[in-house]
Amino acid sequence: EDYIAQRVFKPAGMTGAGFFESDRFPANVAIGYTRQSPQGAGTLVSNEEMHGVAGSGAGGAYATAADLLAFDNAVRERRLADAKMTAWILGGDATPAGPRAMHGIGIAGGAPGCNANMESDGRWTVVVVGNLDPPNAMRVGGAINRALTR
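The model shown is predicted, which means the values in this text are computed figures rather than measured ones.

## A short note on the sheet that holds strand β5 (residues 125-130)
Next, step 1: Sheet architecture is open: three strands sit in the order β3-β4-β5, paired in antiparallel fashion. At either end of the open sheet lies a strand with only one pairing partner, and these are β3 (105-111) and β5. With strand direction ignored, the average angle separating the axes of adjacent strands in the sheet is 5°.
Next, step 2: Across six bridges, strand β4 (residues 114-120) lies against β5 in antiparallel orientation. From the neighbouring strand, Glu119 faces β5, where its bridge partner is Val126.

## Notes on the nonpolar core
Next, step 1: Among the nonpolar cores identified, the biggest contains seven residues, and these are Phe9, Ala12, Met14, Ala17, Phe19, Ala70 and Ala74.
Next, step 2: Looking at this core, the elements with two or more residues in it are α1 (2-12) and α2 (65-76).
Next, step 3: One finds Leu68, Val75, Leu90 and Ile105 within the second-largest nonpolar core, a separate group that totals six residues.

## Side note on the pattern of salt bridges
Next, step 1: All chains considered together, the criterion is met by three salt bridges.
Next, step 2: For Arg79, the salt bridge is made with Glu77, and the minimal N-O distance between the two is 2.9 Å.
Next, step 3: By relative accessible area, which is 39% here, Arg79 ends up partly exposed.
Next, step 4: According to the relative accessible area criterion, Glu77 is partly exposed, its value standing at 35%.
Next, step 5: A salt bridge links Arg123 to Asp121; the shortest N-O distance between them is 2.1 Å.
Next, step 6: Look at Arg123 and you get exposed, because its relative accessible area is 67%.

Thresholds, definitions, all that
- Residues numbered from 1 in each chain as written.
- Predicted model: local features only at pLDDT ≥ 70, side-chain atom pairs only at ≥ 80, totals over all residues.
- Heavy atoms only, no water.
- Pairing = 2+ DSSP bridges.
- Helix = DSSP H or I, 4+ residues; strand = E, 2+ residues; numbered from the N terminus.
- Axes fitted to C-alpha atoms, helices over the stretch in contact; angles between N-to-C directions.
- Core = buried A, V, L, I, M, F, W, Y, C linked by side-chain atoms within 4.5 Å.
- Buried < 20%, exposed > 50% of the residue type's maximum accessible area, 1.4 Å probe, protein only.
- Salt bridge = Lys/Arg side-chain N within 4 Å of Asp/Glu carboxyl O.

Have a look at this one:
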């Protein structure tokens, strides 16, 4: 977690991101809500007791939409990796053609009560975060992406 904070969050400018302990959430962290609960299917409840006490390098980091946009910019501006590794991440040419790598990227994921989607083609970036079960943010982000690429 320290490595990720120092090598990814900090150089990317992800000032709201972190691996927060469940009893010490910052004020701006939304509570997640899920229908995947022991109370029965369809009952919307807080996800606070469904995840570990704190996130780890294997998952459970918190980030704002602004943090995910900062991550996209940091990758494209080669602040997190050299030109060759950036090309591998984005699936493009390793030769830097300018100050920003312009290849497509899409990241999505989630767990009960939280999910996020980030899609970009280098010119635009769509970030959607949600505090409900997947795939709500992924559906919204995908719809925006499809509208932009028509």
